[in-house]
Amino acid sequence: MDNRQLIEKAKEAMENSYSPYSNFKVGACLLCKDGTIYTGCNIENSSFGATNCAERTAIFKAVSEGKREFLKIAVVGSGEDLTFPCGICRQVMSEFMLDGEVILEDNNREIKVFKVRDLLPYAFSL
């Protein structure tokens, strides 16, 4: 699956966002090493701390199905700018895909690609 297809799947996932508090929808599409894809959306909660980001939703779905090797994750948001993963998501990504790529799309539909290790230098690990 190419980067454009991942972005489009992330946009589809964004439509399932539950974001009544921020009104900011996010979708993600994760590509596993074996070619399987998992999507996720952000799911908010009135306690805010119980909110889960789209990226972690997709990764946790994949891990819960036995997947551990990920190549890329596309992330899109309903805002005007690129939607970069938050710090917690970057840390989770570093656990499973430190050499993987984060695929983002700007307002001109231009795709930007970043390495996870570049988005979280000096990631914590045991």
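The name given to the protein chain in an unreviewed UniProt entry is Cytidine deaminase, with Candidatus Fimicola merdigallinarum as the source organism. If you open the UniProt record of the protein chain and go to Cofactor (unreviewed entry), you find "Zn(2+)". Regarding the protein chain, the relevant UniProt record gives this comment under Function (unreviewed entry): "This enzyme scavenges exogenous and endogenous cytidine and 2'-deoxycytidine for UMP synthesis."

Draft legend 1. Examining helix H3 (residues 87-97) more closely. Every buried residue of H3 is listed here: Cys89, Arg90, Val92, Met93, Ser94 and Met97. Elements that come into contact with the buried residues of H3 comprise strand E1 (26-32), helix H2 (54-64), strand E3 (70-77), strand E4 (101-105) and helix H4 (116-119).

Draft legend 2. Quick look at the sheet that holds E1. Ordered in space as E2-E1-E3-E4-E5, the 5 strands form an open sheet in which the pairing is mixed. Each edge of the open sheet carries a strand with a single partner, namely strand E2 (37-41) and strand E5 (111-115). Averaged over all pairs of adjacent strands, the angle between strand axes in this sheet comes to 20°, irrespective of strand direction. Two strands pair when backbone bridges link them, and E1 and E3 are joined in this way by 7 bridges, in the antiparallel orientation. Its bridge partner being in E3, glycine 27 is matched across the sheet by valine 76.

Draft legend 3. Broad picture of the packing of aromatic side chains. Counted by the stated rule, this structure contains 3 aromatic pairs. Taking the centre distance of 5.7 Å and the plane angle of 50° together, the rings of phenylalanine 70 and phenylalanine 96 count as tilted. Within this pair, whereas phenylalanine 70 is found in strand E3, its partner phenylalanine 96 is found in helix H3, the two being separated by 26 residues in sequence.

Draft legend 4. Structural detail: the pattern of salt bridges. On inspection of all chains with the given rule, the structure shows 11 salt bridges. Here glutamate 105 makes a salt bridge to lysine 11, at a shortest N to O gap of 2.9 Å. Highlighted residues: glutamate 105 in strand E4 and lysine 11 in helix H1 (residues 3-14), separated in sequence by 94 residues. By relative accessible area, which is 24% here, lysine 11 ends up partly exposed.

Draft legend 5. Layout of the UniProt feature "domain: CMP/dCMP-type deaminase" (unreviewed entry) in the protein chain. In this structure's numbering, the residues bearing the UniProt feature "domain: CMP/dCMP-type deaminase" (unreviewed entry) are residues 1-126. In this annotation, residues 1-126 is assigned 30% helix and 24% strand; the end-to-end C-alpha distance for the span is 32 Å.

Rules used throughout
- Residues numbered from 1 in each chain as written.
- Predicted model: local features only at pLDDT ≥ 70, side-chain atom pairs only at ≥ 80, totals over all residues.
- Heavy atoms only, no water.
- UniProt positions renumbered as here; feature names shortened; annotations may be inferred.
- Buried < 20%, exposed > 50% of the residue type's maximum accessible area, 1.4 Å probe, protein only.
- Helix = DSSP H or I, 4+ residues; strand = E, 2+ residues; numbered from the N terminus.
- Contact = heavy atoms within 4.5 Å.
- Pairing = 2+ DSSP bridges.
- Axes fitted to C-alpha atoms, helices over the stretch in contact; angles between N-to-C directions.
- Phe/Tyr/Trp six-rings, centres within 6.5 Å; stacked < 30°, edge-to-face > 60°.
- Salt bridge = Lys/Arg side-chain N within 4 Å of Asp/Glu carboxyl O.

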